[in-house]
Amino acid sequence: MIKNILKGITSYANSFKLIAQLKLWKYFFIPIGISIVTAVFIGFTSYTLADDIGAFISKIWRWDWGKETFTSISNFVGGATVILLGLVLYKHIVMALSAPFMSPVSEKIEAHFTKNTNHEHRKTSFNDQLWRGVRINLRNLWKEILFTIPLIILGFIPVIGIASTILIFLVQAYYAGFGNMDYTLERHFKYKESIQFVKKNKGFAIGNGMVFMLFLLIPVIGIILVLPLSVTAASKQTVAILENQKH
């Protein structure tokens, strides 16, 4: 698992060079626009809702003593929860809507590394790719929220809270990597087969997603570059896995 996670991380090496070499930047203009608009919308919504959620939580404390302290903690918890859920939503919205634009990118990368432009892949249209992206990401969104909410609750327990934070990060990374890998898998496997493939190669997904999540911590530049670099890295790694399975 650790070895595969490291491979997922190191697959980002030379991504800029590969994008330039294959002239892929033109395919990223619309996805970058989707990423920016989604980030602004979710950021504004999160900012608006944070205080409201904090105020709602603070109502639980009905005593006068410690009210101010509990209110401060509630506002922090409300803000942190909204930001975390905002990241979850951002990730899946962007990856779902970008699917039809990322499939050609992964296909060109696959042709480059396999030296074969005549692969007999599953034939899918723009709408098919969009629906596949929406379906995969809705499924992953539900799973991610299902795992994340209990981990947030555990985060309030001393000591365990540290482990909870790490696990939340790994869960987010896994589903980010999952979405990036599916742009390539979409041509090779049907929906359920793709899910099984990623489960068997979860280390690669986590490694790819870890860098994806860290990119989002970089103001402005992060949301611009995160998709081009993560999709390029995931495509390289997924193609390598598929080719290895043939031998």
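Please refer to the structure higher up on the page.
Residues numbered from 1 in each chain as written. Predicted model: local features only at pLDDT ≥ 70, side-chain atom pairs only at ≥ 80, totals over all residues. Heavy atoms only, no water.

**Considering the nonpolar core**
Residues F28, Y90, M102, V105, F212, L216 and L227 are the most contacted members of the largest nonpolar core, which totals 30 residues. For this core, the secondary-structure elements that each account for two or more residues are helix 2 (15–21), helix 3 (25–58), helix 4 (67–114), helix 6 (160–188), helix 8 (202–215) and helix 9 (221–246). Residues within four places of L216 in sequence aside, it is in contact with L87, Y90, I223 and V226. Of all hydrophobic cores here, the second largest spans 24 residues; its members include I136, L151, M181 and L242. (Core = buried A, V, L, I, M, F, W, Y, C linked by side-chain atoms within 4.5 Å. Buried < 20%, exposed > 50% of the residue type's maximum accessible area, 1.4 Å probe, protein only. Helix = DSSP H or I, 4+ residues; strand = E, 2+ residues; numbered from the N terminus. Contact = heavy atoms within 4.5 Å.)

**Here's the deal with a nonpolar patch on the surface**
A contiguous nonpolar surface patch, about 280 Å² in accessible area, is contributed by I2, L6 and I9. Along the chain, L6 turns up in helix 1 (residues 2–10). (Patch = residues over 30% accessible without salt bridge, like charges linked within 9 Å, V, L, I, M, F, W, Y side chains within 5 Å. Areas by Shrake-Rupley, 256 points an atom, 1.4 Å probe, with all protein chains shown as cover. Salt bridge = Lys/Arg side-chain N within 4 Å of Asp/Glu carboxyl O.)

**Things to note about the side chain of H92**
If you trace the backbone, H92 turns up in helix 4. Its relative accessible area of 3% is what places H92 among the buried residues. Every residue in contact with H92, bar those within four places of it in the chain, is listed here: N137, N140, L141, E144 and Y175.

**Observations regarding the side chain of K236**
The residue K236 is located in helix 9 in this model. Despite its burial, K236 pairs with no opposite charge, the nearest such side chain being E110 at 15 Å. With near-sequence residues (within four places) excluded, K236 lies in contact with S11, A13, S15, L18, I109 and F113. (Lys, Arg positive; Asp, Glu negative; His and termini not counted.)

**A few points about the packing of helix 5 (residues 126–154) against helix 6**
Axes are the key here: two packed helices are described by the angle between their axes and the distance separating the axes. Two numbers describe how helix 5 lies on helix 6: the axes approach to 10 Å, and their chain directions differ by 175 degrees. Between helix 5 and helix 6, the interaxial angle falls into the category roughly antiparallel. The residue makeup of the contact of helix 5 with helix 6, split by class, is 12 nonpolar, seven polar and six charged. (Axes fitted to C-alpha atoms, helices over the stretch in contact; angles between N-to-C directions. Parallel < 35°, antiparallel > 145°, perpendicular 65-115°, else oblique. Nonpolar A, V, L, I, M, F, W, Y, C, P; charged D, E, K, R; others polar.)

**A short note on helix 7 (residues 191–200)**
When helix 7 is considered as a whole, its buried residues turn out to be Y191, S194, I195, F197 and V198. End-on, the buried residues of helix 7 take up no more than an arc of 160 degrees, which puts them together on one face. Structural note: helix 7 exposes K192 and K200 on the side pointing more than 90 degrees away from its buried face. (Arc of directions from axis to C-beta.)

**Points about the packing of aromatic side chains**
What the rule picks out here adds up to six aromatic pairs. Plain terms: the ring middles of F101 and F126 are 5.7 Å apart, the flat faces sit at 80 degrees to each other, and that makes the pair edge-to-face. Of this pair, F101 sits in helix 4 while F126 is found in helix 5, placing the two residues 25 residues apart along the sequence. Classification of F126 as partly exposed rests on a relative accessible area of 44%. When the ring of Y174 is compared with that of Y175, the centres are 4.9 Å apart and the planes differ by 70 degrees; the resulting orientation is edge-to-face. Across the pair, exposure class does not vary: Y174 and Y175 are buried alike. Through successive ring pairs, a cluster of aromatic residues spans F16, W25 and F28. A cation over a ring is seen here: R135 above Y191, with NZ or CZ 3.7 Å from the ring centre. (Phe/Tyr/Trp six-rings, centres within 6.5 Å; stacked < 30°, edge-to-face > 60°. Lys NZ or Arg CZ within 6 Å of the ring centre and 35° of its normal.)

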